[in-house]
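Residue-level structure breakdown
One letter stands for each residue in the lines below.
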Amino acid sequence: MKIEKTREIGFCFGVKRAIDILEKVARERGGVETLGAVVHNQQVLQRLAEIGVRVAQSVDDIRGDVVAVSSHGVAPSIEEEIQARHIDIVDTTCPFVHRLQTAARRLAENGFFIIVYGDADHTEVKGVLGWADGRGLATMDEKFIAKLDSLPRRLGVLSQTTQIPAHFTEFVKRLIDSAFTKDSELRIIDTICHDIRKRQAAALELANRVGLMLVIGGHSSANTNRLSELCSTATETYLVETVEEIRPSWFQGKHHIGITSGASTAEQTIDEVLARLEALASN
Ligand code: SF4
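Residues numbered from 1 in each chain as written. Predicted model: local features only at pLDDT ≥ 70, side-chain atom pairs only at ≥ 80, totals over all residues. Heavy atoms only, no water.

Structural notes on the overall build of the protein chain
Secondary structure summary: the protein chain contains 10 helices and 12 strands in total. Its C-alpha atoms put the protein chain at 65 × 50 × 25 Å along the principal axes. Expressed as a percentage of its 283 residues, the buried residues of the protein chain come to 52%. Here the contacts in the protein chain between residues at least 6 apart in sequence split such that 71% fall between residues at least 24 apart. (Helix = DSSP H or I, 4+ residues; strand = E, 2+ residues; numbered from the N terminus. Buried < 20%, exposed > 50% of the residue type's maximum accessible area, 1.4 Å probe, protein only. Contact = heavy atoms within 4.5 Å.)

Describing the packing of helix α8 (residues 194-207) against helix α9 (residues 222-231)
Angle between the axes and distance between the axes are the two parameters that describe a pair of packed helices. Two elements in contact, α8 and α9, have axes whose closest approach is 9 Å; the angle formed by their N-to-C orientations is 30°. One finds that α8 runs roughly parallel with respect to α9. The hand of the α8/α9 crossing is right-handed. Residues Ile196, Arg199, Gln200, Ala203, Leu204 and Ala207 of α8 form the contact with α9, whose participating residues are Asn223, Arg226, Leu227, Leu230 and Cys231. (Axes fitted to C-alpha atoms, helices over the stretch in contact; angles between N-to-C directions. Parallel < 35°, antiparallel > 145°, perpendicular 65-115°, else oblique. Left-handed = near helix turned anticlockwise from the far one by under 90°.)

Quick look at the pattern of salt bridges
Summed over all chains, the structure comprises 18 salt bridges. A salt bridge links glutamate 4 to lysine 2; its shortest N-O distance comes to 3.8 Å. Here aspartate 65 makes a salt bridge to arginine 29, at a shortest N to O gap of 3.8 Å. Of the two residues, aspartate 65 sits in the loop between β3 (53-56) and β4 (66-69) while arginine 29 sits in helix α1 (residues 13-29), which places them 36 residues apart along the sequence. What makes arginine 29 partly exposed here is its relative accessible area of 46%. Ionic contacts of the salt-bridge type, sharing partners, join the residues Lys2, Glu4, Glu205 and Arg209 into one network. (Salt bridge = Lys/Arg side-chain N within 4 Å of Asp/Glu carboxyl O.)

Brief notes about the sheet that holds β4
Strand order in the open sheet formed by 4 strands is β3-β2-β4-β5, and the pairing between neighbours is parallel. Both edges of this open sheet fall to β3 and β5 (88-91), since each of them pairs with a single strand only. The mean inter-strand angle of the sheet, taken between neighbouring strand axes irrespective of direction, is 35°. Looking at chain direction, strand β2 (residues 32-35) and β4 are connected through 3 bridges and run parallel. Bridged to leucine 35 within β4 is valine 69. (Pairing = 2+ DSSP bridges.)

Observations concerning the domain arrangement of the protein chain
Examined at the domain level, the protein chain breaks down into domain 1 (2-10 + 195-281), domain 2 (13-94) and domain 3 (96-188). Relative placement of domain 1 and domain 2: their C-alpha centres are 29 Å apart. With 13 residues of domain 1 at the contact, the number on the domain 2 side is 9 residues. The contact between domain 1 and domain 2 buries some 780 Å² in all, and 42% of this surface belongs to carbon and sulfur atoms. (Domains from an automatic or database assignment. Buried area = accessible area lost by both parts, 1.4 Å probe.)

Considerations on the site of the ligand
Close to the ligand lie Cys12, Gly14, Cys94, Phe96, Val97, Thr161, Cys193, Ile196 and Ala263, which account for all nearby residues. Residue composition of the shell around the ligand, grouped by class: 7 nonpolar, 2 polar and no charged. (Near = heavy atom within 4 Å. Nonpolar A, V, L, I, M, F, W, Y, C, P; charged D, E, K, R; others polar.)

Quick look at a negative patch on the surface
On the surface, a cluster of negative charge is made up of Glu244, Glu267, Asp271 and Glu272. Tracing the backbone through its elements, the reader meets glutamate 244 in the loop between β11 (236-240) and β12 (256-261). Residue glutamate 244 is classed as exposed on the basis of its relative accessible area, which comes to 59%. (Patch = residues over 30% accessible without salt bridge, like charges linked within 9 Å, V, L, I, M, F, W, Y side chains within 5 Å. Areas by Shrake-Rupley, 256 points an atom, 1.4 Å probe, with all protein chains shown as cover. Lys, Arg positive; Asp, Glu negative; His and termini not counted. Charge placed at Lys NZ, Arg CZ, Asp CG, Glu CD.)

A few points about the sheet that holds β12
Strand order in the open sheet formed by 4 strands is β1-β12-β10-β11, and the pairing between neighbours is parallel. Edge positions in the open sheet fall to β1 (2-5) and β11, since each of these has one partner strand only. The average angle at which neighbouring strand axes cross in this sheet is 20°, direction not considered. Judged from the 5 bridges that link them, strand β10 (residues 212-216) and β12 form a sheet pairing that is parallel. What sits directly across from leucine 212, in β12, is isoleucine 257. This element, α8, spans β1, β10 and β12 of the sheet and lies at about 170° to β12.

Considering the pairing of strand β6 (residues 113-117)
When you tally the buried positions in β6, you get 5 out of 5 residues, the bulk of the element. Burial of the side chains of β6 extends over both faces: Phe113, Ile115 and Tyr117 are buried on one face and Ile114 and Val116 on the other. Across 5 bridges, the pairing between β6 and strand β8 (residues 154-159) is parallel. The partner of isoleucine 115 across the bridge, within β8, is valine 157.

This is the structure in structure tokens:
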């Protein structure tokens, strides 16, 4: 059984940066709190907890005088709420997410109503809508926009950083068909992160050549779920968070296995999965 992994695997630039910042602050201060989970990966959160990183569930739940904002970013109103309590902010917002936030703000300031193609419940998306100062919504269903009582004339369309580029393009096309009327003005900005784009392309290329793909990452991680969705269009695909979830029966009759991971999956978890597959292959 041949096992092949994609080159783009393990932490992305933004997650690595956020974890480096947190480790440094935790070392210097003997611990630090984060507002919400800094990444959607239980194994990484456990390792951070061991060096004194505590997750505060809300601004009210912050116990100390410093809090780190996650790589997904937050709305400016949340930052103001924290500052009003004289709590210092360590900002680990990924620069690609910040690019999306500033695009939303600029468009809103120029009179555009913002449509974010993405999951309305995701932390990143909620934060971005905050940067649009309430002049926007998030959806993945263009019909929802077409049904709005009074469709804004100027629409600014952005994407959650982790969405699949081809799906964003399709969404925009359908939006033009259903919601573009006389005098409408549409401004589209591609805000999908470069890392995710490369990671998805590499995963799909490999998925097209193997009999089975394993996508390693958190079950609640948006980018991991997108990767799994994409790979499953090409071949049999399983999303596993830990090595314990692997079932030997999956590999019966398979000669070539592909491996990739979400952007917040630690090297250690990938190594554990690889070791398990190598053991299965040698049996
Ligand atoms: S997936 Fe992209 S946007 Fe998200 S943290 Fe990583 S580099 Fe930043």
